[in-house]
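Working through the structure, step by step
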Amino acid sequence: MAFDLFLLEVVISGLMTGVMYSLVALGFVLIFKASGVFNFAQGVLALFAALALYDFLAEDGWFFAVFGFTLPVWLAIPATALIMIFLAWVIERAVLRFLVKQEEIILFMATIGLAFVLEGLGDLLFGSDVKPLDIGIPQGASDLLLDNFNLYVEKLEIVAAATAAVLVTALAIFFQKTRVGRALRAVADDHQAALSVGISLNKIWVIVWSVSGIVALVAGIMWGSKSGVQFSLSLIALKALPVLILGGFTSVPGAIVGGLIIGVGEKLAEVYVGPLVGGAIENWFAYVLALGFLLFRPQGLFGERIIERV
Amino acid sequence: MFYRENGQFKSSYSSDQAIFPIAQDRAFVIGILLVAFCGVPFFINEYWANAILIPLLVYALAGLGLNILTGYCGQVSLGTGAFMAVGAYASFKLVGFFPEVNYLILIFVSGLVTAAVGVVFGLPSLRIKGFYLAVATLAAQFFLIWLFNKVGWFYDHSPTGMITVRPIDFFGVRVTGPEATPAAKYLFTLTIIATLTLTAKNIVRGRVGRSWMAIRDMDIAAELIGIKPLQAKLSAFAVSSFYIGVAGALYFGVYLGSVEPLEAFDINQSFYVLFIIIIGGLGSILGAFLGAAFIVLLPILMKNLMVGGFGVASGTAGHVEILLLGALIIFFLIVEPHGLARLWQIAKEKLRLWPFPH
């Protein structure tokens, strides 16, 4: 029985970690769907958002230095969201606008360049030391589950899972029900056709980058609360990539399910396979797992069927 | 007026198939080779060899390798760093096993080992395409680096986990380690790279290279005209990994001397090499060299300018450097997405007409 409980604990912890990966993967999917850009800068966007949020909250930030007070959490988050929207606008203006119609790999390299710029900018503006991000998300193990079921589950992870659920629902409603959402789907479907019915691509790109900037903010908050705001936060992008190829580049549900599979698989492997080969396998296991899936479904679990014509 | 091909007729098959059919090109390349082989070694010093010329050549070779795979065969790979590591560790182990064998042969064998590993990790390319493949090659990146860091056999159980090159003589001349003269290191690297570049140029304009390009342009169409995707893709992975493996062996043996896998061959290395070929020009041999020059020289230039010129603190300079590097990469992609090699081509077109505008 004790063993089963342990297994359950591992699985739950895996699911929760998976949700955190999904949050990052979501941002990738949104941008890829709407513009076909494989946005490598998503992880750095999350880092940048977390840094900006920290700056509003802490007394050693720019904001405090300039205005002499810090923002409360409920105001700081929208303020950071505004910054992310502004950033999206700048990115569209300065980079994407000039790269329309380029090959995918060129756009991909441009986002790596963008990641470098944001990384350097973040370090310059906010310093590169580890910053604790505390916005009042409860920490530690959940007492309720611990007492009643003897299960050890982090409160933060429960909050993250709930946030992810809310976020995905909101995104689904946004995509399905609103005018802008319909336009986004039209662009994702066919750029040319969308243009011909009067949808402005530039505007759509700003919107979609803003949305994924806000998703990055959420991911940044969660990861930042978990392990502090630091440079390594941008590396979660690398964690989200296997999730992406597993779930399919173009599928929002894929990002969620992929994240859960990767999270659980990774935790199980860490616990049961890791000790046999000397540990530290979490860096590559997710990739191998995703690769295994891909050999059977080359477009990912939920990706659009690849139809090839000569 | 300086550069024109009129009056240069091809009257034999061999002149029709020459690598540089135009006399000016030929003269230019021979001139560069003469300077590189006979001029530079007399003036080279420690700084020029270790900070500029050797890294430039090694990165150019790695770029060449990746260009074969990505530029000519269209398979995006992010595993370059790991394949360089395979070459480096293979050469390290081989030198340990066979200290008497000529170093050149060992480097060649290291390349072959890397080619074998590359083929294994290239197998998914038969099913997976585009970015899915790019991410799948990251599996190679993370797995191989983990392996080299974890299994003691690879680094001879050294307590630091690093591998350090043994002093090796090549026909009586020391080419690795601290006692080797800069000129010897440089000439050794240059010879290998010149030979491999010539080979690459001939591979890509031959039958194999054309089958790669057909696969790149549209793999289904290529299959219909009788090119076997299995052979074409795996041969591209093999040749590309061979080049990258040799580059890795030189990177470790001649350039750095001792490496630690987590730092020297991490994912940034893969990105750097990808930058080299994108900025230099996809599907161009010259592009690999121009891109390597850009990526190697630019940070040195910026560091010298900022720390020496404006007195910026070196910590801040590091951040500014990465910021500027990113910005310049974006700038170049916007201005000339086909890379420096294309700029060179445009320059030649202009020179053909000069001094007349049309």
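It should be emphasised that the depicted structure is a prediction, and the values quoted were computed from it without experimental measurement.

A separate point is the overall build of chain A. When helices and strands are counted, chain A shows 14 helices and 0 strands. In chain A, the order of α-helices and β-strands from amino to carboxyl end is α-α-α-α-α-α-α-α-α-α-α-α-α-α. By the compact-globule yardstick of 19 Å for 310 residues, chain A fits well, its C-alpha radius of gyration being 20 Å. Across the 310 residues in chain A, those meeting the buried criterion constitute 48%. Contacts in chain A between residues far apart in sequence, at least 24 positions, make up 72% of those at least 6 positions apart.

A word on the overall build of chain B. Scanning chain B from terminus to terminus reveals 15 helices and 4 strands. Relative to its length of 358 residues, chain B is compact, with a C-alpha radius of gyration of 21 Å against a globular reference of 21 Å. For chain B, the C-alpha atoms occupy an extent of roughly 65 × 55 × 45 Å along the three principal directions. Split into buried and exposed, the 358 residues of chain B put 46% on the buried side. Of the contacts formed within chain B by residues at least 6 apart in sequence, a portion of 76% connects residues at least 24 apart.

This next bit is on the packing of helix 2 (residues 23-43) of chain B against helix 7 (residues 182-204) of chain B. All names here are of chain B. It is the contact of helix 2 with helix 7, at a shortest axis distance of 10 Å, that shows an interaxial angle of 165 degrees. Here helix 2 is positioned roughly antiparallel relative to helix 7, judged by the angle of their axes. Relative to helix 7, the crossing made by helix 2 is left-handed. Of the residues in helix 7, those touching helix 2 at L33, A36, F37 and P41 are A183, Y186, L187, L190 and A194. Of the residues belonging to the contact of helix 2 with helix 7, the class tally is 9 nonpolar, no polar and no charged.

Quick look at the nonpolar core now. Counting 216 residues, the largest nonpolar core has A46(A), A50(A) and L53(A) as its most contacted members. Apart from residues no more than four positions distant in its own chain, A46(A) is found in contact with V24(A), A216(A), A219(A), G220(A), W223(A), L233(A) and I236(A).

For helix 7 of chain B, spanning 23 residues, the distance from its first C-alpha to its last is 32 Å, which sits close to the expected 33 Å at 1.5 Å a residue. Every buried residue of helix 7 of chain B is accounted for by A184(B), K185(B), Y186(B), L187(B), F188(B), T189(B), I192(B), I193(B), A200(B) and V204(B).

Per-residue confidence for chain A averages 82 on the pLDDT scale, and 94% of its residues sit at or above 70. When pLDDT is averaged over each helix and strand of chain A, the minimum, 68, is found for helix 6 (residues 143-149) of chain A and the maximum, 90, for helix 4 (residues 73-94) of chain A.

What follows concerns the interface of chain B and chain A. Taken together, the 35 residues of chain B in the interface contact 38 residues of chain A. Mapped by element, the contributors of at least two residues to the side of chain B that touches chain A are helix 6 (130-150), helix 9 (219-224), helix 12 (267-280) and helix 14 (314-335) of chain B. By residue number, the principal contributor to the side of chain B that touches chain A is helix 14 of chain B, which donates 12 residues. Of the residues belonging to the side of chain B that touches chain A, the class tally is 30 nonpolar, 3 polar and 2 charged.

Take unusual backbone geometry next. All names here are of chain B. Residues other than glycine seldom take positive phi values, yet D156 does so here, at roughly 55 degrees. Within the fold, D156 resides in the loop between helix 6 and strand 1 (163-164). On the basis of neighbour counts, which here come to 11 C-beta atoms within 10 Å, the residue D156 falls in the exposed class. Positioned with a positive phi, H157 is a non-glycine residue whose angle comes to about 55 degrees.

As a further point, take helix 5 (residues 103-122) of chain B. Residues and elements named next belong to chain B. Between the first and last C-alpha of helix 5 there are 28 Å, a value that for 20 residues agrees with the 28 Å anticipated at 1.5 Å per step. Listing the buried residues of helix 5 in full gives Y103, L106, I107, S110, G111, V113, T114, A115, V117, G118, F121 and G122. Next to the buried residues of helix 5 lie helix 4 (80-97), helix 6, strand 2 (169-170) and helix 10 (229-256).

Once that is clear, we can look at the environment of E100(B). With respect to the helices, strands and loops of the structure, E100(B) is situated in the loop between helix 4 and helix 5. The spacing of E100(B) and M218(B) is 118 residues in sequence and 48 Å in space, taken between C-alpha atoms.

This brings us to the confidence of the model for chain B. When pLDDT is averaged across chain B, the result is 88; 99% of the residues are at 70 or more. The complex model carries a pTM of 0.89, and its ipTM stands at 0.83.

Right, let's get into the environment of L138(B). Relative to the assigned elements, L138(B) resides in helix 6. Separated by 61 residues in sequence, L138(B) and S77(B) place their C-alpha atoms 7.9 Å apart. Not counting the four nearest positions on each side in its chain, L138(B) is found in contact with L241(A), Y287(A), L78(B) and G79(B).

All names here are of chain A. It is at 9 Å that the axes of helix 2 (residues 42-57) and helix 5 (residues 104-126) come closest, and there the two elements cross at 20 degrees. Of the possible angle classes, the one that applies to helix 2 and helix 5 is roughly parallel. Crossing handedness for the pair helix 2 and helix 5: left-handed. Every residue of helix 5 that contacts helix 2 at V44, L45, L47, F48, L51 and D55 is listed here: A115, L118, E119, G122 and F126. Tallied by class, the residues present in the contact of helix 2 with helix 5 amount to 8 nonpolar, 1 polar and 2 charged.

The rules behind each value
Residues numbered from 1 in each chain as written. Chains lettered and ligands numbered in written order. Predicted model: local features only at pLDDT ≥ 70, side-chain atom pairs only at ≥ 80, totals over all residues. Helix = DSSP H or I, 4+ residues; strand = E, 2+ residues; numbered from the N terminus. Rg over C-alpha atoms; globule rule 2.2 N^0.38 Å. Buried ≥ 20, exposed ≤ 12 C-beta atoms within 10 Å, placed from the backbone. Contact = placed C-beta atoms within 7 Å. Axes fitted to C-alpha atoms, helices over the stretch in contact; angles between N-to-C directions. Parallel < 35°, antiparallel > 145°, perpendicular 65-115°, else oblique. Left-handed = near helix turned anticlockwise from the far one by under 90°. Nonpolar A, V, L, I, M, F, W, Y, C, P; charged D, E, K, R; others polar. Core = buried A, V, L, I, M, F, W, Y, C linked by C-beta atoms within 7 Å. Expected span 1.5 Å × (residues − 1). pLDDT = per-residue confidence, 0-100.

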